[in-house]
Amino acid sequence: MMGRSVSFVRRLGASVVDGIWRLGFATRFMVLLLVYSGQSFRRLHLTIREIYFSGVLSLLIIIVSGLFVGMVLGLQGYETLQRFGSGDALGVLVALSLTRELGPVVAGLLFASRAGSAVTAEIGLMKTTEQLKAMDMMAVSPIARVVAPRFWGGVISMPFLAAIFSTMGVVGGWLIGVVFIGVDAGAFWSQMQAAVDFRYDVLNGVIKSVVFGVAVSLIAVFEGYDCTPTAEGVSRAITRTVVSSALAILALDFVLTSFMFRG
Amino acid sequence: MSFDPTHDEPLVCLKDVHFAYGERSILKGIDLSVRRGQVVAIMGGSGSGKTTLLRLIGGQLRASQGEVRVAGSDLSRLGRNDLYALRRRMGMLFQFGALFTDMTVYDNVAFPLREHTDLPPEVVRDLVLMKLDAVGLRGAGALMPAELSGGMARRVALARAVALDPMLIMYDEPFAGLDPISLGVVGQLIRRLNDALGASSILVTHDVHESLEIVDYVYFVSDGRIVAAGSPDEIRASTDPFVHQFVHAEIDGPVPFHYPAEPIAQALLGGRG
Amino acid sequence: MSRTTLDLWVGLFVLIGAAALLFLSLRVGNLSSANFAETYPIRVQFDNIGGLKVRAPVKSAGVVVGRVSDIRLDIESYRAQVIMDLDKRFEFPRDTVASILTSGLLGEQYIGLDAGADDEMLKGGDGLPIGQSAVVLEKLIGQFMFNKAAE
Ligand SMILES: Nc1ncnc2c1ncn2[C@@H]1O[C@H](COP(=O)(O)OP(=O)(O)O)[C@@H](O)[C@H]1O
Ligand SMILES: [Mg+2]
């Protein structure tokens with residue numbers, strides 16, 4: 001009994017120390033990443049290539065999901081609003097939920113599982129097959145050549161993906177509300193425009209998506225770079241990317257929302 | 001290729017080098033030197049620390065004690081930039097090739113040239129084709145690494161390692177997993193490239209017969225120490241039990257078959273004490 | 001690695017993304033219409049603001065001319081002190097009257113401005129006379145019941 005609790009405390013201590021160790025490594029990694037970013041920006045085609053992989057290739061899932069989420073919002077929102085006789089406000093509901101919350105958050109979650117996991121897998125496999133070491137031996141910094149372009153590619157793609165998601169959502173809400181249910185098109189758009197403020201709603205949503213892009217990309221490249229160089233290590237790193245990204249997005253969303261949309 | 005010990009300073013020189021992964025001591029006082037123009041083999045069983053030794057010479061690991069000098073500079077004193085400058089003049093062939101899997105063969109070989117020089121694309125192209133031609137794969141430029149056989153991949157990695165005409169080329173088990181013909185081809189390539197470039201080479205291997213054909217000097221590593229050394233002729237004639245075990249591929253001898261452990265009887269009975 | 005097609009795709013992606021941002025700002029948001037680039041603050045007090053919120057619209061004759069920027073309680077008079085930011089393009093006479101209105105029965109509350117006839121116009125930082133309070137539904141119902149009972 002005694003022995004078990006001692007070993008439990010010991011294991012707890014070890015995992016705390018390990019966590020601090022990782023945190024320190026992550027911080028050093030982040031500083032290096034920023035230091036080497038200049039170098040990788042000078043060779044823009046590397047970053048453009050990564051925008052292709054994380055942005056363009058995520059486009060389809062973002063468009064389709066955005067459309068569906070908007071359509072669901074249209075159905076559910078109308079169902080509730082018309083009980084209070086304010087079906088005309090459907091546009092407001094759809095647009096505000098998307099620009100403020102669902103756009104950045106859902107696009108961020110999709111981005112993490114589509115692009116973030118791919119980045120982790122790629123870097124992890126490069127580490128496992130000693131490609132990163134080989135690069136380092138060729139006097140080419142893997143952080144400048146492999147990590148930084150993937151990080152910036154993600155950071156640049158994310159706000160665009162979130163905006164596309166929100167736009168498709170509004171289109172989906174319009175499709176259900178105006179085209180199928182028959183909400184007045186004029187009321188739908190004009191109420192939406194009167195209620196959605198550019199700076200307060202749209203811009204804050206964009207800021208959120210940028211923050212999520214930084215968080216997810218950082219997690220993805222770090223997990224890949226830090227993974228145990230075995231097949232199992234890579235698969236665990238991918239899982240960690242998706243899980244930590246989701247947690248980071250939701251936690252950051254709470255923090256940002258409480259700063260942005262008070263009162 | 002003659003190598004007289006009074007020649008000027010060796011290109012690579014290790015003095016009493018110690019290294020440990022955490023608690024586990026891997027190298028326990030290695031002395032070793034490679035002269036300019038030489039091809040030197042480092043032999044030893046799996047897990048004897050040969051790869052670790054190469055990574056110390058490449059500056060990817062730091063010795064915990066002792067001195068590693070390459071081209072006159074003490075690696076432990078070099079900052080990152082100086083180390084990178086030095087590495088541009090080194091080529092390393094990794095144990096499994098470590099080709100960049102997202103690039104074609106051509107782009108793999110062009111990689112160091114594009115990263116480190118501002119040569120116009122036509123010049124890069126000529127250089128890459130020359131290197132690929134030297135390893136006999138000029139026609140394979142458009143293939144992806146996944147489409148290559150083990151021997152071809154090794155040769156591409158070789159072409160990439162010598163792309164910048166290095167002064168020192170390191171090979172980590174270049175023969176592992178090759179059929180006898182590819183093995184001979186790669187062996188001859190190593191010698192030819194070394195002489196053509198006027199470089200020095202370090203060859204980590206446990207293929208005794210192939211390497212004795214092509215090297216100038218051999219070091220045997222066991223348990224973190226150099227246990228024997230000599231020219232190929234001296235090695236063939238050696239009566240040292242370790243060398244004998246290795247050259248004649250005997251299962252047991254000074255190189256133990258077992259990873260260090262308590263005796264098996266004790267392990268099996270230990271649980272019931 | 002065919003760089004040209006890749007660049008084309010990325011260009012297209014950025015274009016679509018930018019178009020989406022533009023759509024959100026202009027069509028969904030109010031960047032095109034009610035963009036109060038320059039505003040001036042006006043103070044007004046109410047006995048009761050009901051459910052008025054910061055950022056609620058300020059309308060005159062139904063047209064949005066500004067937004068509520070701050071609401072606090074004035075400790076001396078125990079009235080609600082409301083600051084509105086009005087669009088510089090719209091000037092109002094000094095005797096303009098503010099009242100808190102509701103759009104629809106349950107809709108959001110906003111401030112309505114009824115322009116007066118004064119020759120002098122309001123300047124930034126000026127105050128309006130005490131405004132007409134919000135209609136509080138509970139009070140209204142209470143009054144109605146009371147009147148009924150009195151009948
Ligand atoms: N990154 C590492 N961390 C801990 N131990 C390692 C690491 N790399 C290698 N080792 C250990 O060091 C010893 C020597 O490894 P290595 O130099 O790769 O041997 P060789 O190349 O001669 O087969 C091995 O026993 C191995 O278990
Ligand atoms: Mg090895």
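Summarised in this report is the structure supplied together with it.

Parameters at a glance
Residues numbered from 1 in each chain as written. Chains lettered and ligands numbered in written order. Predicted model: local features only at pLDDT ≥ 70, side-chain atom pairs only at ≥ 80, totals over all residues. Heavy atoms only, no water. Near = heavy atom within 4 Å. Polar contact = N/O pair within 3.5 Å; in protein donor to acceptor, adjacent residues only side chain to side chain. Areas by Shrake-Rupley, 256 points an atom, 1.4 Å probe, with all protein chains shown as cover. Helix = DSSP H or I, 4+ residues; strand = E, 2+ residues; numbered from the N terminus. Contact = heavy atoms within 4.5 Å. Buried area = accessible area lost by both parts, 1.4 Å probe. Salt bridge = Lys/Arg side-chain N within 4 Å of Asp/Glu carboxyl O. Nonpolar A, V, L, I, M, F, W, Y, C, P; charged D, E, K, R; others polar. Expected span 1.5 Å × (residues − 1). Core = buried A, V, L, I, M, F, W, Y, C linked by side-chain atoms within 4.5 Å. Buried < 20%, exposed > 50% of the residue type's maximum accessible area, 1.4 Å probe, protein only.

Looking at the site of ligand 1
All names here are of chain B.
Line of reasoning, step 1. Around ligand 1 lies a shell formed by Tyr21, Arg24, Ile26, Gly45, Ser46, Gly47, Ser48, Gly49, Lys50, Thr51 and Thr52.
Line of reasoning, step 2. Tyr21 places a side-chain nitrogen or oxygen 3.3 Å from a nitrogen atom of ligand 1.
Line of reasoning, step 3. The contact in question runs from an oxygen atom of ligand 1 to an N or O atom on the backbone of Lys50, over 2.8 Å.
Line of reasoning, step 4. The protein chains hide 63% of the 550 Å² of surface that ligand 1 would expose on its own.
Line of reasoning, step 5. If you list the elements that add at least two residues to the shell around ligand 1, you get strand 2 (24-34) and helix 1 (50-57).

Details of the interface of chain A and chain B
Line of reasoning, step 1. Of the residues lining the interface, 20 residues belong to chain A; the matching set on chain B comes to 23 residues.
Line of reasoning, step 2. Buried area between chain A and chain B, summed over both chains or domains, comes out near 1,900 Å², and the portion from carbon and sulfur atoms is 56%.
Line of reasoning, step 3. Residue Asp136(A) is joined to Arg87(B) by a salt bridge in which the shortest nitrogen-to-oxygen separation is 3.1 Å.
Line of reasoning, step 4. Across the contact surface, chain A and chain B share 11 residue pairs in polar contact (both at pLDDT 80 or more).
Line of reasoning, step 5. With 6 residues, the single largest contributor to the side of chain A that touches chain B is helix 5 (residues 131-137) of chain A.
Line of reasoning, step 6. Taken together, the residues that form the side of chain A that touches chain B break down as 9 nonpolar, 3 polar and 8 charged.

Examining helix 8 (residues 198-226) of chain A
Line of reasoning, step 1. Here helix 8 of chain A contains 29 residues, and its C-alpha end-to-end distance of 40 Å stays within 8% of the 42 Å for a straight helix at 1.5 Å per residue.
Line of reasoning, step 2. Where helix 8 of chain A begins, one side-chain oxygen reaches toward the backbone nitrogen of Arg199(A), 3.5 Å away; that side chain belongs to Asp197(A).

Here's the deal with the nonpolar core
Line of reasoning, step 1. One finds Leu14(B), Val70(B), Leu168(B), Met170(B) and Ile202(B) to be the most contacted residues of the largest nonpolar core, which totals 60 residues.
Line of reasoning, step 2. Top contributing element to this core by residue count: helix 6 (residues 142-181) of chain A, with 7 residues.
Line of reasoning, step 3. Every residue in contact with Ile202(B), bar those within four places of it in the chain, is listed here: Val12(B), Val34(B), Val40(B), Ile42(B), Leu54(B), Ile57(B), Leu168(B), Ile169(B), Met170(B) and Tyr171(B).
Line of reasoning, step 4. Judged by nonpolar contacts, the second largest core, of 50 residues, contains Leu81(A), Leu161(A), Val183(A) and Val28(C).

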